[in-house]
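Below, each chain spelled out in residue letters.
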Amino acid sequence: MIKKTLLLCLTIVLCQSGLAQEFRKSGTSGFAFLQIPVSARYAALGDAGITLSNVGADGLFVNPALVVLSDAQLSLSATHANWYVDTKHQALGVAYHLRGVGAIGISVINFDFGEIPRTANYIPGIFEPSANETSPFAQQGSYTAGATAFGVSLSRSLTAQFAFGATLKYVQESIDNYDASNVIADIGFLYFTGFHSMRVGAFLQNFGLETQYANEKFKMPQQLRLEISAELIGDLVSPNRLTLIADAAQANDADERLHIGAEATLMNAVVLRSGYKFGYDYENLTLGLGLNFMWSQKRVGLDLAYMNHDLLESTVRTTVNLEL
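As the structure is a computational prediction, the values presented were derived from the model and not from experiment. (Residues numbered from 1 in each chain as written. Predicted model: local features only at pLDDT ≥ 70, side-chain atom pairs only at ≥ 80, totals over all residues. Heavy atoms only, no water.)

Undergrad: Would you mind showing me how to read the pairing of strand E4 (residues 137-157) here?
TA: The side chains of a regular strand alternate, first on one face of the sheet and then on the other. As paired elements, strand E3 (residues 102-121) and E4 share 17 bridges and run antiparallel to each other. Looking at E4, one finds that Ile109 is bridged to Ala149. Both E4 and strand E5 (residues 162-175) contribute to a ladder of 13 bridges, which runs antiparallel. Pairing of Ser157 across the sheet is with Ala163, part of E5. Connecting E4 to the next strand, E5, in antiparallel fashion are four residues. (Pairing = 2+ DSSP bridges. Helix = DSSP H or I, 4+ residues; strand = E, 2+ residues; numbered from the N terminus.)

Undergrad: Explain the side chain of His89 here, please?
TA: Looking at the element boundaries, His89 is found in strand E2 (residues 88-98). When its relative accessible area of 0% is taken as the criterion, His89 is described as buried. Of note is the side chain of His89, whose polar atom sits 3.0 Å from the side chain of Arg317. (Buried < 20%, exposed > 50% of the residue type's maximum accessible area, 1.4 Å probe, protein only. Polar contact = N/O pair within 3.5 Å; in protein donor to acceptor, adjacent residues only side chain to side chain.)

Undergrad: In this structure, what is going on with the side chain of His259? I would like to understand it.
TA: Within the secondary structure, His259 is located in strand E12 (residues 257-266). Within the structure, the side chain of His259 is placed 3.0 Å from the side chain of Arg225, a separation counted as a polar contact. Those residues within four positions of His259 in sequence are excluded, and the remaining contacts are Gly46, Asp47, Ala48, Arg225, Ile245, Ala246, Asp247, Ala249, Tyr276, Lys277 and Tyr280. (Contact = heavy atoms within 4.5 Å.)

Undergrad: Whenever I open this one, empty space enclosed by the protein confuses me. Can you help?
TA: Empty space left among the atoms is revealed by rolling a probe the size of a water molecule over them. Taken as a whole, this structure holds one cavity of 30 Å³ or more when the rule is applied. Computed from the structure, the largest cavity encloses a volume of approximately 40 Å³. If you trace the largest cavity, you find it lined by Ser39, Arg41, Tyr42, Gly49, Leu52, Val55, Asp58, Val62 and Leu66. Across the lining of the largest cavity, the residue classes tally to five nonpolar, two polar and two charged. (1 Å grid on protein atoms, 1.4 Å probe; cavity = no way out; pocket = protein on both sides within 12 Å on 5 of 7 lines; lining within 4 Å. Points joined across faces, edges and corners; volume = space filled by probe spheres on them. Nonpolar A, V, L, I, M, F, W, Y, C, P; charged D, E, K, R; others polar.)

Undergrad: Explain the layout of surface pockets to me, please; I cannot follow it from the model alone.
TA: As a volume, the second largest pocket reaches approximately 740 Å³. Lining the second largest pocket are 35 residues, and of these Ser53, Asn54, Arg241, Arg299 and Glu323 sit closest to its centre. When contributions to the lining of the second largest pocket are tallied by element, the ones reaching two or more residues are strand E1 (74-82), strand E6 (178-192), E12, strand E13 (270-278), strand E14 (283-295), strand E15 (298-309) and strand E16 (315-323). The element that contributes the greatest number of residues to the lining of the second largest pocket is E15, accounting for four residues. Along the lines of polarity and charge, the residues of the lining of the second largest pocket split into 14 nonpolar, eleven polar and ten charged.

Undergrad: I'm lost on the pattern of salt bridges in this one. Help?
TA: Tallying each qualifying case throughout the model produces ten salt bridges. For the salt bridge of Arg225 with Asp247, the shortest nitrogen-to-oxygen distance reads 3.1 Å. Here the residue Arg225 occupies a position in strand E10 (residues 223-233), and Asp247 occupies one in strand E11 (residues 241-251), the gap between them amounting to 22 residues. Summarising the burial analysis for this pair, Arg225 and Asp247 share the class buried. One salt bridge connects Glu283 with Lys277, and the closest N-O pair in it is separated by 2.6 Å. Lys277 sits in the buried class, given a relative accessible area of 3%. Through salt bridges that share partners, Arg41, Glu263, Arg273 and Asp303 make up one connected network. (Salt bridge = Lys/Arg side-chain N within 4 Å of Asp/Glu carboxyl O.)

Undergrad: What is the right way to read the nonpolar core from this model?
TA: One recurring pattern in soluble globular proteins: nonpolar side chains tend to sit buried together. Counting 24 residues, the largest nonpolar core has Phe31, Phe33, Leu34 and Ile109 as its most contacted members. Counting residues per element, this core draws most heavily on helix H2 (residues 40-44), at three residues. In contact with Leu34, other than residues within four places in its own chain, are Ala149, Lys169, Val171, Ile184, Gln205, Asn206 and Pro221. Of all hydrophobic cores here, the second largest spans twelve residues; its members include Tyr42, Val55, Ala65 and Leu190. (Core = buried A, V, L, I, M, F, W, Y, C linked by side-chain atoms within 4.5 Å.)

Undergrad: When you look at unusual backbone geometry in this model, what are you seeing that I'm missing?
TA: One can expect most non-glycine residues to show negative phi and most peptide bonds to be in trans. In the Ramachandran plot, Asn54 falls in the positive-phi region, its phi being about 50 degrees despite a non-glycine side chain. Within the secondary structure, Asn54 sits in the loop between H2 and helix H3 (59-62). Under the relative-accessibility criterion, Asn54 is labelled partly exposed at 45%. The backbone of Gln297 shows a phi angle near 60 degrees, a positive value even though the residue is not glycine.

This is the structure we're talking about:
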């Protein structure tokens, strides 16, 4: 049954890949902030990682099926990134294991555009600049814009080899006096094949109906991902290990994309990461560094991610993980 489900997902991706050749769909969906990678670990691996191990509360943003695999009863994840043109992207997640249920979690993602100057065009004879005014536009104060997603997640292992997770999200965007909102869902699966440490995963992200901004309807940024990963050196519990990840994604507003990531862990303390994104117009190389250590008998992880962008400035993302 599990193999049939994964095969069905793969068939859907391939069919949509063929249809994607017919026309470009970039910019045809709304709530674009949901497409920005949240976790620094995930971003450093080139947006690959829906089959990662030991993710803790990071899994709430990457694939909720991963959350139940954490050893910690309580885990927290906090991320901050300065995005393009002085905007900010931040996230906070908390996951908790409940005996007999699995793991539950809550999460919030916030995108802050900051204050934006409000301007108006001069109209000859009706609205004209003063004698000392040199600007071609009239300054009329400022306005704000932002976006937020609140999520509630459940993650559960059905067998020793198979886990699933789901997140129900309320998303909201606003700009000046206008706003839009919707309820959407993420659904993820993870399957350990039994061949060494190889596992495969599937993740359907931002599934929901259309919503409306003022008088304009738009669709959600839905995406279906399939991924395979394995340790080329060591295994999932080895202190020294090298993990390779290959990920295929089909979004409803873009052509098919591929993500390749590699993660080298040394003595369970220092982690080096790199990734490459295929199918993007202006993004490609990603790099990252992770440090894991104990602090007051609590396991702490600090992750940094660098993302190269061809036209806009490169960005750095920071995530702090805490396991209790």
